[in-house]
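# Summary of structural features
Residue strings, one per chain:
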Amino acid sequence: MGSAADRVKNPSRVSVWLDRRTPSRTRRADQPAGLDRERITAASVRLLDADGLAKFSMRRLAAELDVTAMSLYWYVDTKDDLLELALDTVFGELPATPEDADWRERLRELATNYRRMLVRHPWVSALMGSFLNIGPHSMLFSYAVQDVIRATGLPLKRQAGAMAAVFQFVYGFGTIEGNFVQRTARAGLTQDEYVQRAMGTIRAHPELGDILRPSEPLMEARGGATVEESREQEFTVALDLLITGIEATGARAERTG
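Just so it is clear, the model here is predicted, and its values are computed rather than measured.

Here the focus is the environment of Ser 15. Its place among the elements puts Ser 15 in the loop between α1 (4–9) and α2 (37–51). For the pair Ser 15 and Asp 80, spaced 65 residues apart in the sequence, the C-alpha separation amounts to 8.7 Å. Among the polar contacts made by the side chain of Ser 15, one reaches the side chain of Glu 84 at a distance of 2.7 Å.

Our focus in this paragraph is the packing of helix α6 (residues 103–120) against helix α8 (residues 136–150). The N-to-C vectors of α6 and α8 enclose an angle of 150°; their axes lie 9 Å apart at closest approach. When the axis of α6 is compared with that of α8, the two are roughly antiparallel. Both α6 and α8 take part in a crossing whose hand is left-handed. Here Trp 103, Arg 106, Leu 107, Leu 110 and Tyr 114 of α6 come into contact with α8, specifically with Phe 141, Ala 144, Val 145, Asp 147, Val 148 and Ile 149. Residues belonging to the contact of α6 with α8 are distributed by class as follows: nine nonpolar, no polar and two charged.

Take the pattern of salt bridges next. Counted by the stated rule, this structure contains 15 salt bridges. Notably, a salt bridge pairs Arg 108 with Glu 105, separated by 2.9 Å at the nearest N-O pair. Separated by three residues within a single helix, Arg 108 and Glu 105 lie in helix α6, roughly one turn from each other. For Arg 108, a relative accessible area of 25% translates into the label partly exposed. Given a relative accessible area of 46%, Glu 105 falls into the partly exposed group. Residues Asp 210 and Arg 213 are paired through a salt bridge, measuring 2.9 Å at the closest nitrogen-oxygen approach. Residue classification places Asp 210 among the partly exposed residues on the basis of a relative accessible area of 47%. Connected through salt bridges with shared partners, the residues Arg 115, Glu 177, Arg 231 and Glu 232 form a single ionic network.

The next point concerns α6. Look at α6: 26 Å from first C-alpha to last across 18 residues, which is about the 26 Å you get at 1.5 Å a residue. Listed as buried for α6 are Trp 103, Arg 106, Leu 107, Leu 110, Ala 111, Thr 112, Asn 113, Tyr 114, Arg 115, Met 117, Leu 118 and Val 119. On the buried face of α6, the contacting elements are α5 (79–91), α7 (124–128), α8, α9 (156–187) and α13 (227–256).

The subject of this paragraph is the confidence of the model for the chain. Mean pLDDT for the chain: 89, with 89% of residues reaching 70 or above. Ranking the elements of the chain by mean pLDDT puts α1 last with 43 and α6 first with 98. In the model, residues 1–12 has pLDDT below 50 throughout and makes 19 contacts with residues more than four positions away in sequence or in other chains.

Once that is clear, we can look at the side chain of Gln 191. Structurally, the position occupied by Gln 191 is in helix α10 (residues 191–204). In this structure the side chain of Gln 191 is engaged in a polar contact, spanning 2.5 Å, whose partner is the side chain of Arg 231. Those residues in contact with Gln 191 that sit more than four places away from it in its chain are Phe 180, Val 181, Thr 184, Val 227, Glu 228 and Arg 231.

Basis of the calculations
Residues numbered from 1 in each chain as written. Predicted model: local features only at pLDDT ≥ 70, side-chain atom pairs only at ≥ 80, totals over all residues. Heavy atoms only, no water. Helix = DSSP H or I, 4+ residues; strand = E, 2+ residues; numbered from the N terminus. Polar contact = N/O pair within 3.5 Å; in protein donor to acceptor, adjacent residues only side chain to side chain. Axes fitted to C-alpha atoms, helices over the stretch in contact; angles between N-to-C directions. Parallel < 35°, antiparallel > 145°, perpendicular 65-115°, else oblique. Left-handed = near helix turned anticlockwise from the far one by under 90°. Contact = heavy atoms within 4.5 Å. Nonpolar A, V, L, I, M, F, W, Y, C, P; charged D, E, K, R; others polar. Salt bridge = Lys/Arg side-chain N within 4 Å of Asp/Glu carboxyl O. Buried < 20%, exposed > 50% of the residue type's maximum accessible area, 1.4 Å probe, protein only. Expected span 1.5 Å × (residues − 1). pLDDT = per-residue confidence, 0-100.

Right, here's the structure in full:
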């Protein structure tokens, strides 16, 4: 039914967004009423959130929709098409930022919303490296990122680096956070309980305890009464440092012409 490898062999299947054909099968009159791409994509997102990427299949999706697996292929040609559609759909959750606001606030808002989306949908991180990610919602987000970076006043040759610094940081931060939240939930523990158990195990180990001891003052200085509060402070500080770096680079470029 098609895979990422098949797309490499067949350039016409590089992306569902570049393929203007209708699915190869003709819809029969007895297909389930009310079934369409939007409903199938929404169900795909729900399943991916609940079960993860590894367990996602057309059969599980068909069961969720109470239809036959073959019914889905009247609307999409491959499972990869559905994954691409799901990926773009969650980018549509990112709210627009006011274009007349200060670029620093716009950048913070974009970065924060992007991080939250990655945490809500941990499967997104893996798919972003597998597809072109050129759906309409993804492209709107890309435009917003470019627009706010242009507003910083950075020289053109510095702008791509600024985008990479901020949004690759957010990608990494949100990916790790999303995986951690998912791991603790599957363990049936809160994030604080999970960390307390892990740290207790490390401290009890002679060699690991010695390595950890010099790091404890740093961990205490992080602040925050909970794991989530500490993480919020770390994200805010890291993002502020990046914004300060952008400001300094822009000011230096103005002075040197």
